[in-house]
Amino acid sequence: MDFNPVSQHYSSFKSPNAANPQIDHQTRTDLRQKIKANSALLAQLKSSIPFQNLLVCLRRYVAEARIAEFLTGKISLEDCVSIQKWIINLLMAGCELDGRDLIWKNHATDSHYLCQEIAETLSTMLNNGLEESVENNLDKVRGLIVEIEQKTEQGILNLQNANLQGADLPGADLKDANLQDANLQEANLEKASLGGAELPGANLKDANLQGANLNGALLQNANLQETDLNGACLGSADLTKADLQGADLRGANLQGAKLQGADLTKADLQGANLQSDNLQGAKLQGANLQGADLFEVNLQGAYLQEANLHGANLRGANLLKANLQCANLQSADLHGANLHGANLQGAHLEEANLERAVLGGANFLKANLLRAYLKKAVLYSANFQDANLQDANLQSANLQGANLQGANLQGAEWESAWLQGVNLQGANLQGAYLQSACLSEVNLHGANLQGAYLSRVNLRGDNLQGANLYGANLQGAFLHGAYLSEVNLHGSNLQGAYLYRVNAQGVSLQGANLYEANLERADLQGADLRGADLRNANLNRTKLQNSKLQGAKSNDPVIQQMILKQEKLWLLLQAQQSVGSVLNREGGFPTELITEIGKLL
């Protein structure tokens, strides 16, 4: 039987003003006097477990009257409003409760029946006198509570497939509600309670969920496009494969949420808490994660192209094979993060903290790592081709087999770094600090190491062909077997360096410091050693044919003789050129004659 509280039951409530469900002032005064006269019984009623349970049930099962629209005509919106006001007025008048926090929630097709019974029971208790009604009606109240609880167990909070598009439900209590596949597009659910609610497949596009509580909610495959979730609580929520494109999640709490395969393209997550979340395979292209907390988050295989992660906390995060192409990671904290095999091509990592990060096989092609902190990072086989690592800190980092071809490493700090087998062809290492670094079997063909600090560096077997080491500090460096053809070592410091059997044919060592250097069996044929310091150097079986030694310093008698001979020859050549020039100017003598005169001199 359809319930119409206005036509059938409303009069049975014996309201003082049936035309107006609001209780007037005089009636309220009379009721309060009646309550005062029965204060002891009222206290018994209010403290009784059944009545307390009734209040809990009312608070739990009542929501804004507009939600009744989903009941497809079984109860009208006007009737719901009337019943809602009647219950609230009864409670306010009889029990002095604040009815403003009691909201109507019609969750079942027969919810009007329960509401009718509760209203009639409370009306009887008030109108028949509290003394008589307490004993007569407590059992009935208790029975109603049992019935409500039974209906709850049977799924009374079922709003599955409900059409609530555009509903105005700020602060609504929808905790644990079943809203699967419900249409809540453009609904106003600001600060609503949806903790534990079931929302798989629900349509929440453009909805207002600002400050809403969605802790533990099930939102698999839900549509949350352009949804306002600013400051919302989504802790431990299941958002697997949810569509959050363009959603506003600024300052939202997503700690422990499941976001595998979720689409967060261009979503705004600025300052959001994503600690320990599972974002495996999630789409975050162009998303704003500036300052977000992503501590130990799982972003394995996630798509983060052009995402803004400026200043984000990614300590211990799992970014295995994640795509971060052209992403902004400036000043981001990636301490201990796993970026093995990640794509960071063209990414911005200026001043990022990558200490102890795992970056093996990662692609940093043309990435900007200006002043990045990579101390003790694992970078083996990583690709840094044409990357900017200017002033970066790579102390004790493992770069074994990495490709740094054409990279800008100017002023970078490499102390004790492991660079075995690294490709540094054409790289700019000007002013780089490489003390005690292992650079054995490294390709430095054409690299710029001008002014670099390579003290005690291991350069065994390196290809330094055409490299620029002008003014570099190679004191105590190990260069055994290194290929130094066409290298510029002008003014370099090779004091105590180990150059045993090194190939340095035609190398420029002008003004170089080779004091106490070991040049045994080194090939320095045609090398420029003018002004070099060769004192106490080991020149046993060193090949110096056709090398230039003018102005060089040596305490080896043989070398001293070679130096003197070359200096005399140089003076003769200078004289020849001077005389020839004069004769040519004065008499116009033929060149052949000038040459002969030069020979005589």
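Scroll up to find the structure.
Residues numbered from 1 in each chain as written. Predicted model: local features only at pLDDT ≥ 70, side-chain atom pairs only at ≥ 80, totals over all residues. Heavy atoms only, no water.

1. Notes on a positive patch on the surface
A contiguous patch of positive charge, built from Arg501, Arg521, Arg541 and Lys543, is present on the exposed surface. Looking at where Arg521 falls in the secondary structure, it is placed in the loop between helix H7 (130–153) and helix H8 (557–586). Owing to a relative accessible area of 35%, Arg521 belongs among the partly exposed residues under this scheme. (Patch = residues over 30% accessible without salt bridge, like charges linked within 9 Å, V, L, I, M, F, W, Y side chains within 5 Å. Areas by Shrake-Rupley, 256 points an atom, 1.4 Å probe, with all protein chains shown as cover. Salt bridge = Lys/Arg side-chain N within 4 Å of Asp/Glu carboxyl O. Lys, Arg positive; Asp, Glu negative; His and termini not counted. Charge placed at Lys NZ, Arg CZ, Asp CG, Glu CD. Helix = DSSP H or I, 4+ residues; strand = E, 2+ residues; numbered from the N terminus. Buried < 20%, exposed > 50% of the residue type's maximum accessible area, 1.4 Å probe, protein only.)

2. Considering the pattern of salt bridges
Inspection of the entire model under this criterion finds six salt bridges. The partner of Asp268 in a salt bridge is Arg250, with the nearest N and O atoms 3.9 Å apart. Linking Asp268 in the loop between H7 and H8 with Arg250 in the loop between H7 and H8, this pair joins segments that are 18 residues apart in sequence. A salt bridge links Arg371 to Glu351; the shortest N-O distance between them is 3.0 Å. Note that Arg371 is positioned in the loop between H7 and H8 and Glu351 in the loop between H7 and H8, a separation of 20 residues in sequence. The class for Arg371 is partly exposed, based on a relative accessible area of 43%. Taken together, the salt bridges that share partners define one network made up of Asp248, Arg250 and Asp268.

3. Quick notes on unusual backbone geometry
A negative phi angle is the norm for most residues apart from glycine, just as the trans form is the norm for most peptide bonds. For Asn221, which is not glycine, the phi dihedral falls at a positive 60°. Examined against the element boundaries, Asn221 turns out to sit in the loop between H7 and H8.

4. Structural notes on the side chain of Asn298
Inspection of the secondary structure puts Asn298 in the loop between H7 and H8. Of note is the side chain of Asn298, whose polar atom sits 3.3 Å from the side chain of Asn278. Apart from the residues within four sequence positions on either side, Asn298 is in contact with Asp277, Asn278, Leu279, Gln280 and Asn318. (Polar contact = N/O pair within 3.5 Å; in protein donor to acceptor, adjacent residues only side chain to side chain. Contact = heavy atoms within 4.5 Å.)

5. Some remarks on the packing of aromatic side chains
Counted according to the given criterion, the structure contains four aromatic pairs. Measuring from centroid to centroid gives 4.9 Å for Phe478 and Tyr498, while their planes differ by 5°, and the two rings are stacked. Note that Phe478 is positioned in the loop between H7 and H8 and Tyr498 in the loop between H7 and H8, a separation of 20 residues in sequence. The class of Phe478 is partly exposed, set by a relative accessible area of 27%. Looking at Tyr498, the relative accessible area reads 30%, which means it is partly exposed. Feature note: the residues Phe478, Tyr498 and Tyr500 constitute an aromatic cluster, connected by ring pairs. (Phe/Tyr/Trp six-rings, centres within 6.5 Å; stacked < 30°, edge-to-face > 60°.)

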